[in-house]
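# Chain and residue survey
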Amino acid sequence: MSERAALTRLTGSGNGECGEKDCPNVYRDETDGGIVVQGDQCAAFQPPAGEALVKIPEHVLREAIRALGW
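On to the pairing of strand β3 (residues 35-38), then. Here four bridges tie strand β2 (residues 25-29) to β3, and the two strands are oriented antiparallel to one another. Directly across from Tyr-27, in β3, lies its bridge partner Val-36. Between β2 and β3, which follow one another and run antiparallel, lie five residues, and Gly-33 among them has a positive phi close to 80°.

Together, Ile-35, Val-37, Val-54, Leu-61, Ile-65 and Trp-70 give the surface a local cluster of nonpolar side chains, amounting to about 550 Å² of exposed area. Position of Val-37 among the secondary structure elements: in strand β3. In this structure Val-37 comes out as partly exposed when scored by relative accessible area, which is 31%.

Here we come to the side chain of Gln-38. By the secondary structure assignment, Gln-38 is in strand β3. Overall, Gln-38 belongs to the buried group, its relative accessible area being 18%.

About the thresholds
- Residues numbered from 1 in each chain as written.
- Predicted model: local features only at pLDDT ≥ 70, side-chain atom pairs only at ≥ 80, totals over all residues.
- Heavy atoms only, no water.
- Pairing = 2+ DSSP bridges.
- Helix = DSSP H or I, 4+ residues; strand = E, 2+ residues; numbered from the N terminus.
- Patch = residues over 30% accessible without salt bridge, like charges linked within 9 Å, V, L, I, M, F, W, Y side chains within 5 Å.
- Areas by Shrake-Rupley, 256 points an atom, 1.4 Å probe, with all protein chains shown as cover.
- Salt bridge = Lys/Arg side-chain N within 4 Å of Asp/Glu carboxyl O.
- Buried < 20%, exposed > 50% of the residue type's maximum accessible area, 1.4 Å probe, protein only.

Nothing here speaks to function; it is all geometry.
What follows is the structure, given as structure tokens:
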């Protein structure tokens with residue numbers, strides 16, 4: 001199974017490729033239940049190696065929460 005195949009999209013309605021006016025997006029990783037965020041990189045500070053900062057609007061998080069039924 002590809003890594004993307006394990007992700008369930010919780011927001012957005014496009015093809016999942018940034019640059020197509022389809023970001024940010026929130027996904028659920030079905031392998032461990034983790035939340036994955038795709039969006040514009042934020043440069044507020046330098047995170048530790050292997051991590052990144054991503055900025056997403058509040059309405060996108062609310063959409064993801066509704067999709068999860070939380």
